[in-house]
Amino acid sequence: VPVSRIRNFSIIAHIDHGKSTLADRLLQDTGTVAQREMKEQFLDSMDLERERGITIKLQAARMDYTAKDGNQYVLNLIDTPGHVDFSYEVSRSLAACEGALLVVDASQGVEAQTLANVYLALENNLEIIPVLNKIDLPGAEPDRVKEEIEEIIGLDCSDAILASAKEGIGINEILESIVKLVPPPEDTVSQKLRALIFDSYYDSYRGVIVYFRVMDGTLKKGDRIRLMASKKEYEIDEIGILCPTQKPVDELHAGEVGYVAAAIKAVEDARVGDTITLAKDAAEEPLPGYKEAKPMVFCGLFPTDSDQFPDLREALDKLKLNDSALSYEPETSTAMGFGFRCGFLGLLHMEIVQERLEREYNLDLIVTSPSVVYQVTTLKGEVLMIDNPTNLPEPNLREKIEEPYVRVEMITPEEYVGTLMDLGQTRRGDFKDMKYLTLGRTTLVYEVPLAEVVTDFFDQMKSRSRGYASMEYHLIGYRANPLVKLDLMINADPVDSLSMIVHRDKAYGVGRSMVEKLKELIPRHQFKVPLQAAIGSKIIASEHIPALRKDVLAKCYGGDISRKKKLLAKQAKGKKRMKSLGSVDVPQEAFMAVLRLN
Ligand code: GTP
């Protein structure tokens, strides 16, 4: 195909505004996927994604489309993940496009996540086509939403397309607009090869499959390639296009989108944002925008049963092949034994990894409460990055502790402004800005410590606004605060994996709720179990769990064996997900309890 007949685009949408449904429609209407082979929502191929209804991994699809002008065009749809944890991946897939469909639910309006992605698209100079979806709904208000888009984004909406992905309305108009409005790629076929990696996944038979957009030059079967950031070289086994299933071809030139298999061992060696060039005739400069993955949230993962430690290591090694953003290193905790300290892009990323480990690798895990990375300056002037509260230097050795801050933007119906401002306040946020948008919708901006956001900020925002508010955040830097380490003692033993770094002014409140929570969550034992919270040697809160009065078995006087067995089985079930700390059994919930404080 000539470069002038190619259109590369992506779809920007808030969760649930209909991105996948629209993508499916486009694939069907262009005959890329026949109706009968259409699994619902083709682009979200991972089960976990389907279950959670969110897009985690991005992929691509090539469609052939004969436009009204009689010419045949190649339309490459590049999918983007829909969550803040993955905004770097979003920015790279947008960098592979010339245009984007901005899909907004006409019964809802612009949401914070939509905005974040629109800004990324504008930074990448994309042509943005507004599409108002779900106009079939009785509650659709396309005019109000148009006004909102114009107001907030400054995008002309006089030609916005009214569509219903579900009913198939406006689909042709969307295809025509892509052809007319999205510019073709620049014709740089004669330049040296540079291809942008926007996704990759690990296949146990073929090694890593890399998805890319050729920005300059041509890539041919049999070429030897070099990855400019990882500095590795490979012989190509196969290149091809995504229709949306893989179809081998002989070459791909500037403007085209495809995949390559080259016996690459782990996705880490072909990371998103890296540039593919030729080993022989290499480009001088890589494409801009490459970044190393930087974990923002850390937690300890410990097997409930310490015999599972080798299995956990093996599972993490395997997951890592497919997840370059995951980091982990062995950690020993006096309370929990052997496990791993793991780093994630954000809470969602953390939950996904945890769920996979449990579901796909059959591991039973204890997850300690998440921590951010603190920057600690010691009296000697050393600067340490601390991702585990246990490693925090003693107060007499440190000069200051700085913590990461994020800028949080919330969009909400007016009536929830008060309660959301209260949330911002209680989470140590600095109020920055408030703007009225259209008809009772408001945006609120706060600068908040990341530690306060990675706990349950999102859930709080959702419940306080009955699900109507949305948010987005990004890192803005480190700030010094009076932070202290809060320790917890169960039965007089400090539990290192329950230690937390908290703001001095919050320590008492948090300490108190922690011991109360533990009292609630830890079952009674044969003996009295004291619970204490302390800063250094100072006890700031204490409680105790009274001893168990009666043995459950005492009820079944001797005889009835089957009943005894049943009771024991019931008890054993209740015991699941307990970790023995000394002689005390502590359930998983206790380790995550800090998430639900406040
Ligand atoms: P994520 O994958 O989570 O980002 O969501 P999404 O934006 O891909 O949304 P999805 O396509 O999964 O649609 C969300 C819900 O809206 C589904 O229940 C769809 O059936 C429904 N939906 C999508 N388009 C329309 C539409 O035009 N009209 C109506 N009434 N419902 C729609």
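Think of each chain on its own: its residues are numbered from 1, step by step along the sequence as written. Given that the model is predicted, a residue must reach a pLDDT of at least 70 before its local features are reported, and side-chain atom pairs must reach 80 or more before they are shown or counted; all residues, however, enter totals for whole chains, interfaces and linings. Think of the side-chain values as coming from all heavy atoms in the structure, minus any hydrogens and water.

### Observations concerning the nonpolar core
In terms of nonpolar packing, the biggest core is built from 46 residues, with Leu-357, Tyr-374, Val-408 and Met-410 touching the most fellow members. Under the DSSP-based scheme used, a helix requires at least four consecutive residues in state H or I and a strand at least two consecutive residues in state E, with every element numbered from the N terminus. Of the residues forming this core, the biggest block, 5 residues, is contributed by helix α7 (residues 309-321). Residue contacts follow a heavy-atom distance rule, with two residues in contact if any of their heavy atoms lie within 4.5 Å. Setting aside residues no more than four positions away along its own chain, Met-410 makes contact with Leu-420, Thr-442, Thr-443, Leu-444, Tyr-446, Phe-457, Met-461, Ser-470 and Met-471. What is meant by a nonpolar core is a set of buried Ala, Val, Leu, Ile, Met, Phe, Trp, Tyr and Cys residues, joined one to another through side-chain atoms within 4.5 Å. Here's how the labels work: a residue is buried when its accessible area is under 20% of the maximum for its type, exposed when over 50%, partly exposed in between, all with a 1.4 Å probe on protein chains only. Counting residues in each nonpolar core, the second largest holds 41 residues, with Ile-128, Val-145, Tyr-211 and Leu-437 among its members.

### Topic: the environment of Arg-194
With respect to the helices, strands and loops of the structure, Arg-194 is situated in strand β7 (residues 194-203). Each C-alpha atom, one on Arg-194 and one on Gly-31, is 31 Å from the other, the two residues being 163 residues apart in sequence. When residues no more than four places from it in sequence are discounted, the contact partners of Arg-194 are Arg-213, Val-214, Met-215, Asp-216, Thr-275, Ile-276, Ala-283, Glu-285, Pro-286 and Leu-287. Within polar-contact distance, the side chain of Arg-194 engages the backbone oxygen of Pro-286 at 3.4 Å. N or O atoms closer than or at 3.5 Å make up a polar contact, with two conditions inside protein: a donor-capable atom paired with an acceptor-capable one, and, for residues adjacent in sequence, both atoms drawn from side chains.

### Concerning helix α11 (residues 457-464)
For α11, the full list of buried residues reads Phe-457, Gln-460 and Met-461. Angularly, the buried residues of α11 cover 100 degrees about the axis, an arc narrow enough to put them on a single face. Among the exposed residues of α11, those pointing more than 90 degrees away from its buried face are Asp-459 and Ser-463. Buried residues along α11 sit against β23 (398-413), α9 (417-426), α10 (450-453) and β26 (470-480). Our arc is simply the arc of the directions from the helix axis toward the C-beta atoms.

### So, the sheet that holds strand β18 (residues 327-333)
Reading across the sheet, the 4 strands line up as β18-β19-β17-β20 and stay open at both edges, with antiparallel pairing between neighbours. What marks the edges here is a single partner per strand, and that holds for β18 and β20 (365-367). In this sheet, adjacent strand axes meet at a mean angle of 30 degrees when their direction is disregarded. Criterion used throughout: strands pair if DSSP finds at least two bridges between them. Note that β18 and strand β19 (residues 337-344) share 7 bridges and pair antiparallel. Residue Ser-333 lies in a different strand from β19, and its bridge partner there is Gly-337. Only the stretch in contact is used when a helix axis is fitted, and all axes are lines through C-alpha atoms; the angle between N-to-C directions ranges over 0 to 180 degrees. Along the sheet, α7 contacts β17 (297-303), β18, β19 and β20; its crossing angle with β19, the most-contacted strand, is approximately 20 degrees.

### Let's talk about the packing of α9 against α11
Viewed as axis vectors pointing N to C, α9 and α11 meet at an angle of 160 degrees, and their least axial separation amounts to 10 Å. With respect to each other, α9 and α11 are oriented roughly antiparallel. Helix-helix and strand crossings are classified by hand; for α9 and α11 the assignment is right-handed. Contact residues: α9 offers Thr-419, Leu-420, Asp-422 and Leu-423, while α11 offers Phe-457, Gln-460, Met-461 and Arg-464. Think of it as three bins: nonpolar holds Ala, Val, Leu, Ile, Met, Phe, Trp, Tyr, Cys and Pro, charged holds Asp, Glu, Lys and Arg, and polar takes everything else, Gly as well. For the contact of α9 with α11, the per-class residue count stands at 4 nonpolar, 2 polar and 2 charged. Angular relationships are summarised with four words: roughly parallel below 35 degrees, roughly antiparallel beyond 145, roughly perpendicular across 65 to 115, and oblique for the angles in between. Put simply, a crossing is left-handed when the front helix is turned counterclockwise from the back one by less than a right angle, and right-handed when it is turned clockwise.

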